[in-house]
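Spelled out from the first residue to the last, the chains are:
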Amino acid sequence: MKINGPNDIVNLDKICSEKRVIKNEQGTKTERLQQRGEGTNTTGDIVNISAEAAQIRQLKSMIEDIPDIRESRVHAIKEEVGNGKYRTDSDQTARAIIRENILDHLL
């Protein structure tokens, strides 16, 4: 690729606008064919997604829908702390930290 200077930017703009015109003309041609019922398979790309990829997409969507903060749990803990009844299990806390750390490395 050769870049000569600032005058090439003008040429680049001209080329881009010409491509847009050509693309628009092709679009109208495609619309005319589709209206007549012709050429329905001649435009566009076809994408085939494997079953595994579709399942991954669905699982990712489900994970994104899970709230980061469980308000009901936060409220319950705040109440326990306020009443002086909140107790922690240090072994359970340590296991949860280790489990989360391992999952972070795996994912």
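Residues numbered from 1 in each chain as written. Predicted model: local features only at pLDDT ≥ 70, side-chain atom pairs only at ≥ 80, totals over all residues. Heavy atoms only, no water.

Asks: Explanation requested: the overall build of the protein chain in the structure shown.
Replies: Counting its secondary structure elements, the protein chain contains 4 helices and 0 strands. For the protein chain, the sequential pattern of α-helices and β-strands runs α-α-α-α. For the protein chain, with 107 residues in total, the buried portion stands at 1%. Of the roughly 10700 Å² of accessible surface on the protein chain, 53% is carried by carbon and sulfur atoms. (Helix = DSSP H or I, 4+ residues; strand = E, 2+ residues; numbered from the N terminus. Buried < 20%, exposed > 50% of the residue type's maximum accessible area, 1.4 Å probe, protein only. Areas by Shrake-Rupley, 256 points an atom, 1.4 Å probe, with all protein chains shown as cover.)

Asks: Any chance you could explain helix α3 (residues 71-83) here in plain terms?
Replies: Helical geometry: 3.6 residues make up each α-helical turn, so side chains three or four residues apart lie on a common side. Between its first and last C-alpha, α3 extends 18 Å over 13 residues, near the 18 Å set by a 1.5 Å rise per residue. Looking one or two places after α3, you find Gly-84, whose phi comes out positive at around 75°. (Expected span 1.5 Å × (residues − 1).)

Asks: Teacher, can you tell me more about a nonpolar patch on the surface here?
Replies: Residues Ile-98, Ile-102, Leu-103, Leu-106 and Leu-107 make up a contiguous nonpolar surface patch of about 600 Å² in total accessible area. Residue class for Leu-107 comes out exposed when judged on its relative accessible area of 89%. (Patch = residues over 30% accessible without salt bridge, like charges linked within 9 Å, V, L, I, M, F, W, Y side chains within 5 Å. Salt bridge = Lys/Arg side-chain N within 4 Å of Asp/Glu carboxyl O.)

Asks: Which parts of the structure should I look at to understand the confidence of the model for the protein chain?
Replies: In regions of low pLDDT, the predicted coordinates are not meant to be interpreted in detail. For the protein chain, per-residue confidence averages 75 on the pLDDT scale, and 60% of positions sit at 70 or higher. Within the protein chain, α3 carries the highest mean pLDDT (93), whereas helix α1 (residues 7-36) carries the lowest (56). (pLDDT = per-residue confidence, 0-100.)

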